Structure formats: C-alpha cells, structure tokens
Amino acid sequence: MMRSFVSAVLAALSVLFAAGAAFAQQGDVVISRGKTDPVPIAIPAFSGGALHGEDLAGIIRNNLGRSGLFAPIDPLRFIERNVDGAALPNFPNWKLVGSQYLVSGVVNTETGGRLRVDFRLWDVNSGQQVLGVQFAAPEENWRRIGHKISDAIYERLTGEGGYFDTRIAFVSESGPKTQRRRVLTLMDQDGNSPQYPASAGADAQVFTPRFSNDGRELVYMALRDSGSQLYLLNLETSRTESLSRYEGMAIAPRFSPDGGKVAFSVSNHGNTDVFLADVRAGGTVKLTADPGIDTSPSFSPDGTRIVFNSDRAGSPQLYVMNVDGSGQRRLSAGSGRYTTPVWSPDAGDAWIAFTKQTGNEFHIGVMRPDGSDERLLTSSYLDEGPTWAPNGQVLMFSRETPGSEPRLWTVDLAGREQPAPYPGPGSDPGWSPLLK
Amino acid sequence: MRIDSRIVIRFSFVAAAAALTVACQSTPKAPVIETPPPQQMQPNAQPLPPVQQQPQQSRSLPPIQQGPIAPPVSSVGPGSIQDFVVNAGDRVYFDFDSFSIRGDAKPVLDAQSSWLSRYPAVTVRIEGNADERGTQEYNFALGERRANAVRDYLVSHGVAAARISVVSYGKERPIDGGSTEDAWQHNRNGHTAIVGGAR
C-alpha cells in the first residue's frame, strides 16, 4: 500500500542570508539530448542532530548521481565535514573541492514526531542561494523527504520535472524458466522499501502491472493454467477486483489518463483486437477489427488517441488511432519489428517509446507521435517493455542476456543506460506518477 | 550508425555458424540471413519432439502414424494421458512468427484426432507457446493464434469444438530454458493437454 505523505509542507523559505539574491536561471543544466558533463555538486550531511541527516544527504547524492546529469562529490574529499545548515556556507571551501553547487540542510523533530527539513541550494561561485524549501512529514516518511528534495534540485537546475519521489511496480521472478514464479512487487525508484502486495494468488503468474495516473491503482494481468484475467488493485485499500471476464486471452491492460477506462487486447479464435473497458460503469467497446494481432495499447497524455502495435501489414508495426477506434494509421516506417509502444507523459516534449527487434537484437527506441525522428537508445540480446518516468526523460525496461536472468534497467533520452537498483531478477516495470 | 554496424557483424557471424552447423529448419522472417536452404543439406531437419522421459521399452514400439492407434505399450493404460502422449503425441511445432500447421505436425494432429474420437469423454486444452525472440504481449497473441490453429485442425478432423479449450502461455512457459535455435524451435509449439475424461 502506498504510504500517504500526510500534509507535506512545501513552502519556499524566506531568503535568510542572500539578501537580494539573484536567482539562477531556471534550467542551468541543459538536457541537450547529447551527453553533457555532469555538474559537480556537494551534498554534505544535514545538520540538526536529529535522525537521518547523513542518510538524507545520501539519498540525494544517489538520486542526482544516477540521473547522469550531476556528479556528487565524494564526501571524503570535503574540507568541511560538519556543515551547519542554518548558517551561511563557507564558499571558498566548496570551490576548492571543485563544486559548482552546494546543498545544505537542517533536520528538526517537531512535537508529535514529525520531521521537518529545511534545505538550501547554493551557487558556490556567486555565493547566492538558488533555492530554499522546507518539507515536513511523519518520520516514517523520511526517505520521501530525501526524494522530494532531490526533485526540487533537479527541477530547479534542469528545468525538467523531477522523477525521484516515485515508485516502480514490477514483477520479481524466481525459479527455473520452465516453472517461473512471477510476483507483483513495488519499490521506490531507488530500490528501497520493496513491498509484495497481495495479488491474484499463489497459483497465478503476474504480468504488466501499470499505475493509474493518480498513482492509487494498478492494473495487471494474471496468468493461470486455464487462461488470463485482468485485475485492478487499489493501493490505498489493498482491495483487488477483477475486470469482467472475456472469452479468450485478455492481456496488455493500461489505464486511460483519467483513470476511468482500461485499454487492453483480447485474443480469441486466432484474432487479437484492442478493447476499451469502462472501469466504473462497466461496458466494453471494441476498437480494432482487422484479422491481425492488434495489442499493447497506450494512451496519449490528453486521452484522445491510442498507440498500439499491429501485424496487419505482415510484421508488427506501430499504429495510432483516435480513442473511438477511428483514424487508424501506421506510424513506424523503418525496417524491423516494433512492439510495446508507450506514450510519454510529457505532452510538451512528446515521444512514443517502443521495443524494436532488428535481426538478432532488441532495442528500446523513441519516435515522435507522428512517426518521425526515430532513435534507438539501447541494443542487446533482449530489451523490452519500456515505461516512462513521469518527467518523460528516463525509461525503465527489462533486459535479458542468454543464460542470465531478466533485470531492470534505465536509459534516458541521451542514451545513458544503467542497471536499475533492484538486486534480483525483475521484469515488466511500470513507473508511477510523482507521488502526492 | 553504430547500431547498424554491429548488426552486420552479428549477422555474418550467424550466417557462418548456420552454414557450419545447418542448425535450423525455420528461418526467422525478419533478419535477412544468407543461409543455404536447409533442406538441401539436411532434409526433414525437424527438431525432435520433446522427450517425455518414457521408459526405454516404449521406444522399441514406434507409434503407427495412420489409422487406428498402435496397441498400447506395456504399462500404458489405453485412454490414459500417458497413452495419448506416447501413442498420439501431445505437441506440434511452428516456424518463427508463424501459426501455419507444418507438414510434420499433421500426422501428430491426425493421431490426436483419432485418439480423441476413440475416447469421446476426454476434453483437452490447447496451449499455444512462443519462443523468447519476441516481446511478451505480442507473444501471448501469437501463442493464441497457434493454439487456435491446432484447435481448428482438430475440429476439422471431427473433434467436437466443445471438447476443446484454448489458452496462450506466450513465451512464459518454455519447455527448454536455453537460448539456442534448438531451444527456440522447441518452445514454438502447440501443446494438447488432457484436462478431463482420461482413464
């Protein structure tokens, strides 16, 4: 179940030290689609003597470092180890270690056990405060404060939305390939706080868990010997309910942006078509009708269109249609087999990510929603099933190499890839929206 | 382009390996691999049906492919699941990204329909399977196509549709966990599982 971040207080602090601070321009770290040198940033332990001062700094270092856009400086190189987060920093000490930015903070425990964290982001060269924000939350949510601070820094310096205060739903796998256990799993995007929500039952293998846009629900497919079934899981109440049963194999569910509908496909009598079910009112509409395999639907962020894959022209390719099924047309034009399209949540910088198979390799790639500007971001024996971080800059997917287990990986739009921080075999990642 | 050059290298390696070992009958659609036509080198290079770990003596009596079922071998009760597996065959194989019933599958499915006519109380579930060289959701759909192709064949040979259910396991239930051409071929199959009525 998702932990509620009860009354997170987000208030820009009054500018205490830097009178008349000339704030740095939004978007100082330009995500230029090319690989830029990461920006050096120093994040010493937060002061205040309360719990978690070093741990909070560690979370922020880890988040910013893994983004590839920042190079947190090793604390062992710091000249100052004990930085008072309530005092004006000694900037020459931070220039000397080569840092461009400094993060300082104070942790306080309020009455009632709430944790309050004041943090400031400083431009080391100008000696001015770039950002100052206060967060408060029940102590058990202390990790989320670290993620919120990471998001605030990332947003301020890159001009892009953050993505650190998020969860990943995925399938953890165990056992031999021929008798796989596939268990629904949730974790923070940095690999912490894993949870195994009660799901369809021990006899079922879980597939493709995907979040609703409010982060409160998951939809997924469960496979048993007898067939498939789609389920909705309310993460706040832990209640599971099944979508109505369909004759044939129902697979590939995904929420509409408003959460009221689920698009999916049903395979029956050798034909697979895309359907749209109304979650609350019930009722299902069939959106495609050709005899090919039409599957893997994904909504545009405004909910008016659906991208999907179809082999109606011979091999699987990407197509787009209006949400009522009209206006179906092909998007992908390159050679190769295109599957699992997923529309970026960022309407301002719109992409469709996909899996592409060329010969004996698989790729995660992106293209514009009109099919133009295709770019392949990865290449391996088997990469598949991308999911977007809520800022539309980073994708998570699963990668498998011969003789090894599937693992979760991330890649950003500049092609920086790395293993996701989950230590075991995993697949089918679904990235949550930013938590509330 | 970086990725293209790598693919070329990989293709030529695959082509060389294929020419050396004459590995596979089924040639994937998508990659253009210049292999010699397999049938020139090794006619009927179909993969072996999966080994069901039968006792050795059952191999000394090969099943008769046409007409009535071969007499049951010792220790296999007529009308039992084992009888079906041994004397009809419970699995047929497919080419890459294809759901066409191959020539080598027809005798097996003929034997299945004869066996099922002999034991009309038996109900079956056709399970469609795919190899790992495709994405999960597409492979669920492909597996359903394969299972449905087997179902249609059995129905057209007299098995009542009501006795047959169809399911797809996509690439999720391989019978061979390896990552070779051989493993992929084994994993592209339609499995006829008896779910009720066997003796």
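Residues numbered from 1 in each chain as written. Chains lettered and ligands numbered in written order. Predicted model: local features only at pLDDT ≥ 70, side-chain atom pairs only at ≥ 80, totals over all residues. Heavy atoms only, no water.

**Overview of the layout of surface pockets**
Residues and elements named next belong to chain A.
Phase 1 of the analysis: Size it by volume and the second largest pocket reaches roughly 460 Å³.
Phase 2 of the analysis: F211, N213, W343, P345 and W431 are, among the 24 residues lining the second largest pocket, the residues nearest its centre.
Phase 3 of the analysis: Contributing elements (two or more residues each) for the lining of the second largest pocket: β9 (205-211), β13 (249-255), β17 (294-299), β21 (337-343), β25 (382-388) and β29 (426-431).
Phase 4 of the analysis: Of the residues belonging to the lining of the second largest pocket, the class tally is 13 nonpolar, nine polar and two charged. (1 Å grid on protein atoms, 1.4 Å probe; cavity = no way out; pocket = protein on both sides within 12 Å on 5 of 7 lines; lining within 4 Å. Points joined across faces, edges and corners; volume = space filled by probe spheres on them. Helix = DSSP H or I, 4+ residues; strand = E, 2+ residues; numbered from the N terminus. Nonpolar A, V, L, I, M, F, W, Y, C, P; charged D, E, K, R; others polar.)

**Topic: the interface of chain A and chain B**
Phase 1 of the analysis: In this complex, chain A contributes 52 residues to the contact, which on the side of chain B involves 38 residues.
Phase 2 of the analysis: Here chain A meets chain B over a buried area of about 3,800 Å², counting both sides, of which 51% is carbon and sulfur.
Phase 3 of the analysis: The tally of links from chain A across to chain B stands at seven salt bridges.
Phase 4 of the analysis: Residues D311 of chain A and R145 of chain B are paired through a salt bridge, measuring 2.9 Å at the closest nitrogen-oxygen approach. (Contact = heavy atoms within 4.5 Å. Buried area = accessible area lost by both parts, 1.4 Å probe. Salt bridge = Lys/Arg side-chain N within 4 Å of Asp/Glu carboxyl O.)

**Let's talk about the nonpolar core**
Residue and element names in this part refer to chain A.
Phase 1 of the analysis: Counting 42 residues, the largest nonpolar core has I41, F46, L64, F119, L121, I149 and I153 as its most contacted members.
Phase 2 of the analysis: Where this core is concerned, the elements lending two or more residues are β2 (39-42), α1 (53-66), β4 (101-109), β5 (114-123), β6 (128-138), α3 (142-158), β7 (167-174) and β26 (394-400).
Phase 3 of the analysis: The greatest single-element share of this core, amounting to seven residues, is contributed by α3. (Core = buried A, V, L, I, M, F, W, Y, C linked by side-chain atoms within 4.5 Å. Buried < 20%, exposed > 50% of the residue type's maximum accessible area, 1.4 Å probe, protein only.)

**Let's talk about the pairing of strand β18 (residues 305-310) of chain A**
All names here are of chain A.
Phase 1 of the analysis: In terms of burial, β18 is a largely internal element, five of the six residues being buried.
Phase 2 of the analysis: The turn linking β17 back onto β18 is made up of five residues, and G303 within it adopts a positive phi angle of 75°.
Phase 3 of the analysis: Here β18 hands over to strand β19 (residues 317-322) after six residues, with G314 in that stretch at a positive phi of 120°. (Pairing = 2+ DSSP bridges.)

**With respect to the domain arrangement of chain A**
Phase 1 of the analysis: Its domain assignment divides chain A into domain 1 (2-21 + 163-431) and domain 2 (39-158).
Phase 2 of the analysis: Placing a centre on the C-alpha atoms of domain 1 of chain A and another on those of domain 2 of chain A gives a separation of 33 Å. (Domains from an automatic or database assignment.)

**Description of unusual backbone geometry**
All names here are of chain A.
Phase 1 of the analysis: Despite not being glycine, T340 shows a phi value in the positive range, around 45°.
Phase 2 of the analysis: Phi at D428 takes a positive value of approximately 55°, unusual for a residue other than glycine.
Phase 3 of the analysis: By the secondary structure assignment, D428 is in strand β29.
Phase 4 of the analysis: Classification of D428 as buried rests on a relative accessible area of 11%.

**Thoughts on the environment of N309 of chain A**
Phase 1 of the analysis: With respect to the helices and strands, the residue N309 of chain A is situated in strand β18.
Phase 2 of the analysis: Residue N309 of chain A is classed as buried on the basis of its relative accessible area of 0%.
Phase 3 of the analysis: Put simply, N309 of chain A and R330 of chain A are 21 residues apart on the chain and 9.1 Å apart in space, counted from C-alpha to C-alpha.
Phase 4 of the analysis: Not counting the four nearest positions on each side in its chain, N309 of chain A is found in contact with I293, D294, T295, S296, P316, Q317, L318, Y338, T339, T340 and P341 of chain A together with Y138 of chain B.
Phase 5 of the analysis: Engagement of the side chain of N309 of chain A in a polar contact is seen with the side chain of S296 of chain A, the distance being 3.5 Å. (Polar contact = N/O pair within 3.5 Å; in protein donor to acceptor, adjacent residues only side chain to side chain.)

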